[in-house]
Structure formats: C-alpha cells, structure tokens
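Residues per chain, in single letters:
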Amino acid sequence: MNLITVFSGQLPQTADVVVVGGGVVGASVAFQLARHGVRNVLLLERRQLAAGATGKSGALVRAHYSNGPETQLTLDSLKVFRNWEEHVGVGNPGFKDVGFIRVVHPQDEEHLKLNVAVQQRLGGNTRLVTTDELREIEPLMNTKDFNVAAFEPHSGYADPVATVHGFARAAACSGVKIIEQTEVTAIVVAGGRVTGVETSRGTISTDTVVVAVGAYANALLVPLGVDLGLFPRRVQVAVFRWPFAIDELTAHRVVIDAINLSWLRPEGEYGTLIGVEHGVRSATDPDTYLESVDQGYVDHARRALAARYPVFENAIMRGAWSGVFMQSPDDHPIIDHIPSVEGLFVSTGDSGSSFKTAPAVGVCIAEWITSGEPQLMELTPFRSTRFAEGLPWIDQYSYRRGEHQTVSR
C-alpha cells in the first residue's frame with residue numbers, strides 16, 4: 001500500500017473528519033481517529049508531510065515540565081515512543097532513550113524539587129541528582145554553576161520525520177486518505193457549526209475539522225472570529241561535530257539548560273544539535289522566513305554549548321537551520337473543541353513543545369470526537385477560552401524566564 005493516496009481528479013466530496021496539517025499532531029490525530037472507528041478521514045497537507053515545524057524540530061522526548069498536565073501528556077506519549085510496534089505497528093520513530101538532564105538556576109532549585117515531586121506522583125521515572133552524582137552520569141558536563149539537577153534516565157529524543165511517517169503509514173493502512181500539496185484555504189461554517197473546508201483543489205463537505213497547522217493557524221481561525229492571540233516565532237539550531245576528545249563511549253545525554261538558555265541532544269553518530277535563545281524574536285511569516293541561520297548565531301550557540309560542555313569550545317559547525325512554531329500568549333498549548341464553532345477542534349500555540357506530546361494529543365482528540373470528551377486525561381488547562389476569561393496559564397513552580405523565552409518551561 002502506498003503511503004500517500006493522491007487524487008488525480010477532484011477531491012473526495014465528503015469526509016467524516018478532515019484533519020488539516022501533516023505534522024506530527026495531525027498524523028497522530030488521523031491515525032487515532034481511524035483506530036477509534038472513524039471510517040472516512042482525510043488528512044490534508046499544504047506541502048508534504050512534516051514540512052513545517054515538525055520537520056525542523058529537535059524532537060526531544062522528556063517529561064520534565066513546570067506543570068503536571070504537560071508532564072502527563074508526555075508520560076502517556078512516552079509509552080508510545082518506547083513501545084511503537086505495540087501501539088502503532090508501522091514504521092519506527094527512531095527513539096533513543098539516552099537520558100535527559102534538566103539544569104536550572106540555583107535560585108530555581110526549590111521549584112525544581114517540587115516539580116520533580118509532581119512528576120514522580122504522576123508516574124515519571126525521574127529523580128534529583130547532586131553535582132557529584134551528575135559527574136558520574138555525565139563526566140564531560142560543567143557542573144560548577146548549579147547544585148542539583150533533574151535526571152530522567154529513560155527519556156531522550158526521536159527522529160521527527162520518521163515519527164510522522166510512521167503515524168501516516170499506520171493511518172493509511174487503516175483507510176485514512178492522506179493528500180499532500182493541497183492547501184486548506186478556509187473552514188466553512190454555517191449556523192455556528194462546521195460544514196466543510198475550502199481547499200486549493202476544491203471544496204469538501206464535513207461536519208468535523210481538526211486544525212493542526214502550526215504557524216498557519218491564524219489564517220484559518222481568525223476569519224471565524226477565533227482570535228487566540230497566536231504569533232509565529234522563528235527559531236534556529238546548529239549542529240556541531242564532536243571534537244577529538246569525545247567518542248561514542250562518552251556520548252552525552254539530552255540537556256535543557258536554563259542557565260545558558262539552551263537545549264541540546266546528540267545528532268547522528270558524532271554530532272550535537274543545539275538550540276539557543278538568541279535575541280528578541282518578532283512575529284514571522286511562515287511563508288517567507290529565512291530557513292538558514294542568522295550571522296552570529298553559530299558563535300552564540302558554540303559559546304552556550306561550551307559553557308556546559310567545555311570540550312566543545314572549538315567545535316566545528318556542520319549544519320544549521322531555522323523553523324517556525326506557533327506561540328500562544330502564555331507559551332502553553334491550546335487543545336480544544338472551540339465553543340463558538342461546533343465541530344471545530346484545534347491543537348495550536350504549542351510554543352515549540354508539541355512533538356513529545358503528540359501521541360497522547362492524538363488519542364485525546366480522537367476520543368473527544370468519537371466519545372464526546374477526552375478520556376485519557378483532563379484537558380481543561382489547555383482550553384482556548386482561558387485568555388478571554390483572564391486566566392492565562394501560569395505554572396505554579398515556574399523557572400526564571402525572560403521575554404519570549406520558551407526554553408525554560
């Protein structure tokens with residue numbers, strides 16, 4: 001069976017559910033809808049699968065958050081990444097459980113301890129480690145500027161494109177029609193409910209639409225009067241070749257480092273991928289952004305990497321790219337059935353943090369559509385109405401952050 005079902009003539013005229021967006025969330029939702037018994041599901045992608053933020057993602061899979069709900073989504077998703085054959089059955093996400101370390105400012109270490117306790121109560125395999133212990137776990141790491149860290153021994157990272165392809169193959173095998181190079185230009189609403197979608201290739205009638213289009217969400221939602229205050233952000237990453245002093249026996253873990261405002265993980269056999277907060281990021285047009293990196297970013301990333309791993313001080317840059325994610329006003333995801341438009345579901349505003357939670361988000365939205373409510377977990381904190389209610393999501397035990405910084409959450 002071909003992965004992609006391409007229609008040479010007119011599009012299907014009807015669908016039970018149209019999923020808009022071929023990234024990891026859209027592919028997960030489409031797969032889960034078929035698994036939950038929905039027969040006529042269309043997944044529409046304006047370009048090709050994983051062409052947006054997913055394909056540029058660092059694809060970290062870690063459960064540490066400064067809040068319980070996102071931790072729970074990740075813990076449920078980790079079961080899928082770790083047992084892909086059992087849960088999905090097709091493809092391979094390339095999950096590597098190399099371990100994960102969370103470093104925060106010394107002033108935030110009490111919050112770190114409280115967050116680890118929350119994660120442990122939710123079933124997370126995580127613990128606090130002293131710098132003495134950490135030097136045994138991660139001997140190349142500089143530990144002079146903090147006292148304690150969080151360690152998840154079985155978290156790690158995955159291949160973002162392979163993950164999408166796995167979900168898509170499984171969805172296609174279950175009857176989902178996956179159509180690339182087809183842009184959804186508008187959601188059709190009549191009498192307060194969804195009646196269809198307009199696309200670059202024609203109109204499809206449906207009473208249920210799932211919007212999972214990353215940085216393009218405003219173009220579909222705002223014309224319906226659904227303005228969630230979303231803004232697309234451009235982020236940059238670089239890949240550095242391991243220096244001579246590192247070999248496969250000393251490969252490092254995944255790290256989020258709030259002191260140096262960076263995150264990093266192994267890339268390939270002998271590289272390290274790093275993302276660093278670098279300057280103020282204004283809103284970005286996802287159709288015209290610079291896909292390479294800014295002048296000076298590479299040096300900034302190398303300094304941040306060397307600050308945590310001094311052996312990288314003169315590391316050779318071997319690649320770099322930029323991507324665009326959609327940020328919400330409070331930097332937390334929005335996952336909801338929009339109250340003002342019956343049949344409209346959204347997963348948006350993830351602020352660059354939805355890859356690791358996508359397997360569970362797919363389950364929740366499929367349950368919501370087929371059973372009337374999500375059953376895997378309670379999604380009230382992710383509701384779209386929290387901004388109009390004047391109740392933005394503020395983590396109880398948050399870490400020090402600057403304006404527009406997302407790495408510290």
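About the cut-offs
- Residues numbered from 1 in each chain as written.
- Predicted model: local features only at pLDDT ≥ 70, side-chain atom pairs only at ≥ 80, totals over all residues.
- Heavy atoms only, no water.
- Core = buried A, V, L, I, M, F, W, Y, C linked by side-chain atoms within 4.5 Å.
- Buried < 20%, exposed > 50% of the residue type's maximum accessible area, 1.4 Å probe, protein only.
- Helix = DSSP H or I, 4+ residues; strand = E, 2+ residues; numbered from the N terminus.
- Contact = heavy atoms within 4.5 Å.
- Expected span 1.5 Å × (residues − 1).
- Arc of directions from axis to C-beta.
- Salt bridge = Lys/Arg side-chain N within 4 Å of Asp/Glu carboxyl O.
- Pairing = 2+ DSSP bridges.
- Axes fitted to C-alpha atoms, helices over the stretch in contact; angles between N-to-C directions.

### A few points about the nonpolar core
Line of reasoning, step 1. With 51 residues, the main nonpolar core has V19, L33, L73, F167 and V176 as its most contacted residues.
Line of reasoning, step 2. Here this core gets eight residues from one element, more than from any other, and that element is helix α1 (residues 24-35).
Line of reasoning, step 3. Those residues in contact with L33 that lie beyond four places of it in its chain are V17, V19, V38, V41, A366 and I369.
Line of reasoning, step 4. By size, the runner-up hydrophobic cluster in this structure holds 28 residues, among which are V20, V209, L221 and L344.

### Description of helix α5 (residues 109-121)
Line of reasoning, step 1. The end-to-end C-alpha distance of α5 is 19 Å, a good match for the 18 Å that 13 residues give at a rise of 1.5 Å each.
Line of reasoning, step 2. The complete set of buried residues in α5 reads E109, L112, N115, V116 and Q119. Relative to the axis of α5, the buried residues are bounded by an arc of 110° and lie together on one face. Residues E110 and R121 are exposed on α5 and point more than 90 degrees away from its buried face.
Line of reasoning, step 3. Against the buried residues of α5 lie α3 (68-82), β4 (100-103), β5 (127-130) and β6 (148-152).
Line of reasoning, step 4. Of the residues trailing α5, G123 is marked for its positive phi of about 100°.

### Description of the pattern of salt bridges
Line of reasoning, step 1. For the coordinates displayed, the defined rule picks out 15 salt bridges.
Line of reasoning, step 2. In this structure, the salt-bridge partner of R46 is D287, at a minimum N-O distance of 3.4 Å. Taken together, the positions of R46 in the loop between β2 (41-44) and α2 (53-56) and D287 in the loop between β16 (271-276) and α9 (297-308) put the pair 241 residues apart, joining distant regions of the chain.
Line of reasoning, step 3. The class for R46 is partly exposed, based on a relative accessible area of 26%.

### As for the sheet that holds β2
Line of reasoning, step 1. What the six strands build is an open sheet, ordered β8-β2-β1-β12-β19-β18; its pairing is mixed. Looking at the sheet topology across the chains shown, the edges are occupied by β8 (177-179) and β18 (334-337). Adjacent strand axes in the sheet meet at a mean angle of 15° when their direction is disregarded.
Line of reasoning, step 2. When β2 meets β8, the two strands line up parallel, connected through three bridges. Bridging from a neighbouring strand, L44 pairs with I179 of β8.

### Section: the sheet that holds strand β9 (residues 184-190)
Line of reasoning, step 1. One open sheet accounts for three strands, arranged β9-β10-β11; its pairing is antiparallel. Since the sheet does not close on itself, it has two edges, and those belong to β9 and β11 (202-205), each with one partner. Ignoring which end each strand starts from, the neighbouring axes of this sheet average 25° apart.
Line of reasoning, step 2. Bridging between strand β10 (residues 193-199) and β11 involves four bridges; their strand directions are antiparallel. Of the residues in β11, the one forming a bridge with V197 is I204.

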